Every structure is written in C-alpha cells, then in structure tokens.
Amino acid sequence: MSINNIRKEVMKTLEKNVDGFLTDYLIPPEKIWQPSDFLPNPQSANFMHEVEEIRELSKDLDNDFWISLVGDMITEEALPTYESWLMDLDGISQHEEEGDNGWAKWIRMWTAEENRHGDVLNKYIYLSGRVNMREVEVTTQHLIADGFDIGTSRDPYKNFVYTSFQELATYVSHNNVAKIARKAGMKNLGKMCKIIAGDEMRHHKAYTEFVRQIFKVDPSEMMLAYFDMMKLKITMPAMHLRESFEAKGSLFDRFSEVAQRAGVYTSFDYVDIMRKLNKAWEIDKISGLTAEAEKARAYLMKLPERMERIAERIVVPDTKHQFKWMNPLV
C-alpha cells in the first residue's frame, strides 16, 4: 500500500473519534464568548464615551505595539486561505454521500471559532483611531488572494505538525500582546487578547492530540513528517504580507523585526515551541521506529539547542520602519 493510502487509512481510523474531539476541544456558539462581549455597545448611551476612552488609551502605546497587533489581526482575518488549504488534505472530504466527513466537520467548526478573533480585533483597532484601516484592508485582501505554500502538500501528518506549531505560536503572540496592553492600562484589550490566546491554546492541544494519536499507529512516518517540517522551518502564515502597490512578501521581514522588538513573537519563542512539541509528543520515548525515523528523531532532539544558539546571535535592528498601516498621532 502506498504512503498516501496508509495516511488515508490512518485518518479514517482517527475520524471515528472526531465527535469526541469536537466535544473536548471546541465550544458551541451559544456558550463561547462573542466579539460584542468586549466592544462598546452601539445601542448604549455610553457608546461614544467608551469609544473616546479607547482612543485616549490607545495613544499611550507605540507604533511597534500597534503594528504587531495589526499583524496578528490580519493573520486571523486570512482564515479563508487556511480553511481551503486544510479542506484539501488527504482524508478530509466534503463530498461523502452523507456530506462532510468528520474531519471536514472539525475544520469548519474550528474555522468558525477562529473567525471571532479577527472580527473582534478588527473592530477594536478600527475604534482606536491609531490605524489606517483602508491600508490594512488592502493588506488583508492581498494576503488572502496570494495564498501560501507551507510545504506540506496534501499530507495530513505534516499539516497537523504545522497547525500544532502555529496554534501555539499564536497563543504566544496574543498572550504577549495582552501583557503589554494590561501594563499600559488597557485592561479590556488585555482581557480580549488573553481570552483569544486561551482559544489558541485549546486548539493547539487538539492538534497535538491528533499527532499523538498518529504516532501510536504510524510512528515512523509521523516522525519523518515532523522531521521534514522542522528541517524546512515552519513558515509563518503572514509570510506574504504586503502593503498597497508593493510586491508579495515585501513587508514580512519588517513586520518580523517589529514583532521581535516589541517582544510579541521572537526567535526564542520559536525555539521554545520546538521544545514543547518534543515534550508533548514524548518523541524520546517512541518505539518501533525504522532506521531512517531514528535518525530523524536524533535530529529533532538536538534541533532546539542548535536553533537557540542561532537565536542568541540574532541582532534585531532598531530601524523605525514606516508602515502605511499607521496613522500619525495628533
């Protein structure tokens, strides 16, 4: 049997547990928070006062913070790209006789939860007055239209490594933004980003569980898929960021510098995520590996230390890049 067919069989086996995954890791719309829970109520007599308060507090945070927050928001808003990519994986189908299979149902419900993140951040940023929303909207449209290639093809094993990593990365980013906002006295923004981070952690736990289950039934191929993803290095969802009239990807390096300088997402965070994944999957304890998979494991065990040495040598420039996203303070 081919590798692709084995993967499909493994996905079909795990699909039997999808209903349990939905219950354990996702929350029904009626029970979970919604964006309006954190935003000024336009039907309230205090609406304009609350908006003015947001605008005044927003002046206390520098451009690096707002650029980082906008980047987080744009990344969340690009959900159509992520859903369409995941729906194309081997083992995930929208075309069964009875409609979506279990995995397709998971992807749709996960997307529905994630959609709230971009929604609430977009509205809050709009109300802050600190951002040129038209330029941000152009960037978002470009990011969705440009798509992305995360180096996984239709391989569910590699894709679940990617989502395990990225959900933890977004947890880190939103959690750090929450800390900065709270320190600046923006308690509601801090609470908002903290609860978004909580969603991301819950989703991270789901995807790491999927990988853990695959390791139980197909350990060598799962190890090799993990190795392939980490050797290539995880591609960020915002890799193709651009401003109006600029080339695809031309903004990403500048944005990454800002996020590192602001302490929102750094090279050391990347290394820490690798360590956490190795620990979560207990790759040092997995047995029954082929010789090739054993070599892959040895590489993965040493990789965080190697990457940490590289991170220690990185010097983040203090260049204050101009972003079309930002409105000048008045």
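Described in the following lines is the structure provided in the data block. Everything numeric in this text was worked out from a predicted model, so none of it was measured.

To continue, consider the overall build of the protein. When helices and strands are tallied, the protein shows 13 helices and zero strands. The C-alpha radius of gyration of the protein comes to 21 Å, within 12% of the 20 Å expected for a compact globule of 330 residues. Dimensions of the protein, computed from C-alpha atoms along their principal axes, come out at roughly 65 × 50 × 35 Å. Scored against the burial criterion, the 330 residues of the protein give a buried share of 52%. When contacts within the protein are restricted to residue pairs at least 6 apart in sequence, long-range pairs at least 24 apart make up 82% of them. Accessible surface, the protein: about 16100 Å² in total, of which carbon and sulfur atoms supply 51%. Charge-centre separation for the protein: the mean point of 43 positive side chains lies 5 Å from the mean point of 52 negative side chains.

Quick look at helix 2 (residues 18–25) now. The α-helix advances 3.6 residues per turn, and as a result positions three or four apart in sequence lie on the same side. Within helix 2, the full set of buried residues consists of V18, F21, L22 and Y25. Down the axis of helix 2, the smallest arc covering the buried residues is 100 degrees, so these residues share one side. In helix 2, those exposed residues whose orientation departs by more than 90 degrees from the buried face are D19, T23 and D24. The secondary structure elements touched by the buried residues of helix 2 are helix 1 (3–15), helix 6 (102–128) and helix 9 (187–217).

This paragraph deals with the pattern of salt bridges. All chains considered together, the criterion is met by 23 salt bridges. Between K123 and D119 there is a salt bridge, and its shortest N-O distance comes to 2.3 Å. One end of the pair is K123 and the other is D119, both in helix 6 and four residues apart, which spans about a single turn. Using a relative accessible area of 37% as the deciding quantity, one classes K123 as partly exposed. Ionic contacts of the salt-bridge type, sharing partners, join the residues E113, R116, D199 and R202 into one network.

The final tally for this structure, using the stated rule, is 21 aromatic pairs. Consider the rings of W110 and Y207, whose centres lie 6.0 Å apart with planes at 90 degrees: the pair is edge-to-face. One end of the pair, W110, is in helix 6; the other, Y207, is in helix 9, and 97 residues separate them in sequence. An identical accessibility class is assigned to W110 and Y207; each is buried. Its guanidinium or amino end placed over the ring of Y270, K233 lies 5.2 Å from that ring's centre, counting from NZ or CZ. The ring of F323 carries the charged tip of R254 above its face, separated from the ring centre by 5.8 Å.

Here we take up helix 1. When the terminal C-alpha atoms of helix 1 are compared, their 18 Å separation across 13 residues agrees well with the 18 Å that a helix rising 1.5 Å per residue should span. When we look at burial in helix 1, the residues that qualify are R7, V10, M11 and L14. Looking straight down helix 1, one finds its buried side chains confined to an arc of 100 degrees; they lie on one side. Looking at the packing, one finds that the buried side of helix 1 touches helix 2, helix 6, helix 8 (156–183), helix 9 and helix 10 (219–232).

Take the nonpolar core next. Within the largest apolar cluster, 102 residues are counted, with the highest numbers of intra-cluster contacts made by W103, W106, F165 and W325. Broken down by element, the residue count for this core peaks at eleven residues, all from helix 8. Leave out the neighbours within four places in its chain, and F165 touches M230, I234, M236, Y265, Y270, I273, M274 and L277.

Conventions adopted
Residues numbered from 1 in each chain as written. Predicted model: local features only at pLDDT ≥ 70, side-chain atom pairs only at ≥ 80, totals over all residues. Heavy atoms only, no water. Helix = DSSP H or I, 4+ residues; strand = E, 2+ residues; numbered from the N terminus. Rg over C-alpha atoms; globule rule 2.2 N^0.38 Å. Buried < 20%, exposed > 50% of the residue type's maximum accessible area, 1.4 Å probe, protein only. Contact = heavy atoms within 4.5 Å. Areas by Shrake-Rupley, 256 points an atom, 1.4 Å probe, with all protein chains shown as cover. Lys, Arg positive; Asp, Glu negative; His and termini not counted. Charge placed at Lys NZ, Arg CZ, Asp CG, Glu CD. Arc of directions from axis to C-beta. Salt bridge = Lys/Arg side-chain N within 4 Å of Asp/Glu carboxyl O. Phe/Tyr/Trp six-rings, centres within 6.5 Å; stacked < 30°, edge-to-face > 60°. Lys NZ or Arg CZ within 6 Å of the ring centre and 35° of its normal. Expected span 1.5 Å × (residues − 1). Core = buried A, V, L, I, M, F, W, Y, C linked by side-chain atoms within 4.5 Å.

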